[in-house]
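So the chains spell out like this:
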Amino acid sequence: MRQTSIRLTTSAREALARLCARTGTKMEPTVRHLLEQFVERQRALDEERRLTHLAIALGHPPGTRLPGDPPPTERLAIRLPIELQRAAESFAYRIPGRPARQSHRDYASRPISGAVTTAIALAEPFQEPELAGLPVPVDHRLGDGLWRLTAAASLTGEARRALAKDSAPLPQMLVDGEVMWHSPERPALALQIATNLLTGPGAAEHLAILSAQQEGFQEWIAELTDPRVIYGGHTISDGAAPLGGNKEGRAATAIWRARRILALEELAAWLTSDHPAPTLELDPPYWTLTMPPGWHTVRFPRNSPAPAALHAEWEKGHVLRIDSGRSSAFWPVTSSGAPLPQLAPVLASTGLTGTGLTDSLRLAEMLLLREGSERGPSGLLGPLFIDVESACTAGLLTPAERDDLVADADAETTRRISRVLAMLERTAHRPPEVLEQLRALTHSPPQFSRLCTAHEIDFSISRPFWHWPIPSIPAELDSSPPLTVSQLALLGREWRRRVDIAVERDQHGAWTAAMWDHRALEIDQTQP
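Residues numbered from 1 in each chain as written. Predicted model: local features only at pLDDT ≥ 70, side-chain atom pairs only at ≥ 80, totals over all residues. Heavy atoms only, no water.

A. View of empty space enclosed by the protein. Tallying each qualifying case throughout the model produces 2 cavities of 30 Å³ or more. What lines the largest cavity is Ala151, Leu155, Ala159, Leu174, Met180, Trp181, Arg186, Ala251, Ala254 and Ile255. The element best represented in the lining of the largest cavity is helix 12 (residues 247-272), accounting for 3 residues. The residue makeup of the lining of the largest cavity, split by class, is 9 nonpolar, no polar and 1 charged. (1 Å grid on protein atoms, 1.4 Å probe; cavity = no way out; pocket = protein on both sides within 12 Å on 5 of 7 lines; lining within 4 Å. Points joined across faces, edges and corners; volume = space filled by probe spheres on them. Helix = DSSP H or I, 4+ residues; strand = E, 2+ residues; numbered from the N terminus. Nonpolar A, V, L, I, M, F, W, Y, C, P; charged D, E, K, R; others polar.)

B. Main features of the side chain of Ser472. Its place among the elements puts Ser472 in the loop between strand 11 (465-468) and helix 20 (473-477). The class of Ser472 is buried, set by a relative accessible area of 10%. At 3.1 Å, the side chain of Ser472 and the backbone nitrogen of Ala475 are in polar contact. When near neighbours in sequence (up to four residues on either side) are disregarded, Ser472 contacts Leu369 and Arg370. (Buried < 20%, exposed > 50% of the residue type's maximum accessible area, 1.4 Å probe, protein only. Polar contact = N/O pair within 3.5 Å; in protein donor to acceptor, adjacent residues only side chain to side chain. Contact = heavy atoms within 4.5 Å.)

C. Quick look at helix 19 (residues 445-454). Along helix 19, the residues that are buried comprise Phe448, Ser449, Leu451 and Cys452. End-on view of helix 19: buried residues confined to an arc of 165°, all on one side of the axis. For helix 19, the exposed residues lying more than 90 degrees away from the buried face are Arg450, Thr453 and Ala454. Positive backbone phi, at 55°, marks Glu456, one or two positions downstream of helix 19. (Arc of directions from axis to C-beta.)

D. Inspection of the environment of Ser237 at higher detail. With respect to the secondary-structure elements, Ser237 resides in the loop between helix 11 (215-225) and helix 12. In sequence terms Ser237 and Ala55 are 182 residues apart; their C-alpha atoms lie 18 Å from each other.

E. The packing of aromatic side chains, seen in detail. For the structure shown, the criterion picks out 5 aromatic pairs. Note on Trp466 and Trp468: the rings are 5.8 Å apart at their centroids and 35° apart in plane angle, and the pair reads as tilted. As far as burial versus exposure is concerned, Trp466 and Trp468 are alike and both buried. The positively charged end of Arg186 is found above the aromatic ring belonging to Trp181, 3.7 Å away from the centroid. (Phe/Tyr/Trp six-rings, centres within 6.5 Å; stacked < 30°, edge-to-face > 60°. Lys NZ or Arg CZ within 6 Å of the ring centre and 35° of its normal.)

Okay, structure coming up:
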């Protein structure tokens, strides 16, 4: 048994209470029994025809609320067998674009709460007051259809430009792929679309179209993505409130994620091709990958048995397996087909297993990058900043060199403290006692820093780092004298961290650029 926390609306709690009263059982065994029935029922259905409560499919109620509003759900702590919980979560509905694991609150999935809510509704049908008149249980396919319509009905300017200029499959990915963006307002739009389609005289016909998602459904999508249709001007989404002001940035990052998926697919095709070019220009991020001399690939048909020796090395984490279309490959290997010497500690230290295709491609990208690979803004890659203790432990620094760097950092911190005190002495923006308190803490930089933070004073402690100039992973593997195992592990961990930061900054850059462009457009439109 494992205790877990679920969140239920008042309506769900009341339905559960009625079930407990009718069966004469306590809440916890009732929930376990309901989940067992839920798992058995869902397992017998095709994936698209599995059931969920409409509120779960719509992401209702949304996680955000105004100050002073009561919580939309109540927390319930129950004990469940681990296997039962995992099975229930695997059969629960997940909104497209929301990861199964923890994430930002607007993208959060609560599969166990969704499973319990649906299990209650299947035994004791109930509907949320805000969803009155709508179906209670719906299948997963219908839920996906509502979100595809929601995405199409709320395309931003950035997304419409991508639809117009990008080739397939990116346009389709923006409407029904896992890159779908979310915001606190989008569930309200999904609810409005569900209300417009599933209530009134045409509800039965619309329900059939949503379930089939064939010709009629595609006509809805085409109309909603038509650049001549203004948001909110179509009967499907009529009555919906405009989305929030950061929608352009969120849409831009969704486009970035879609292009990133396609870029990694391009990388997989390059690595498994018969005669790959020596370099590959990848976007995003906007950089060039270079195949090092002496790094080879062993290719084989994807549906055929893999070479046994290299398959064993792959299971040990010594090589990567790349799949693309009908082709597969083990990479990188020497000309004789053996794993590259010294690469195993680098791969193992990254925290990426390399057994999944996405992990393998991220590792391949990391290995093929070199300093100066960026074709866009510079500074994404460069020397690694290694904590001096880690560098000393790995044998990259002597204890004396470490102590010198620590002393230099301490001296810089002292200079920063003096500059802060001098600045406060020249200004009168803060109470005099703050200055006196800071003067008393000059010999304790951590306490000095905390007090500065409390009073919004700009200050930071100088940290001792060692700059490790890394041209590329392959160059370091060929360095003389050869790196030790601990140095290779440090190299892999820190280089992967640097690449991840570069990728994150590139994605954030897409958000920032879209927000600035949108703001500039708004200013232009207000000009006389």
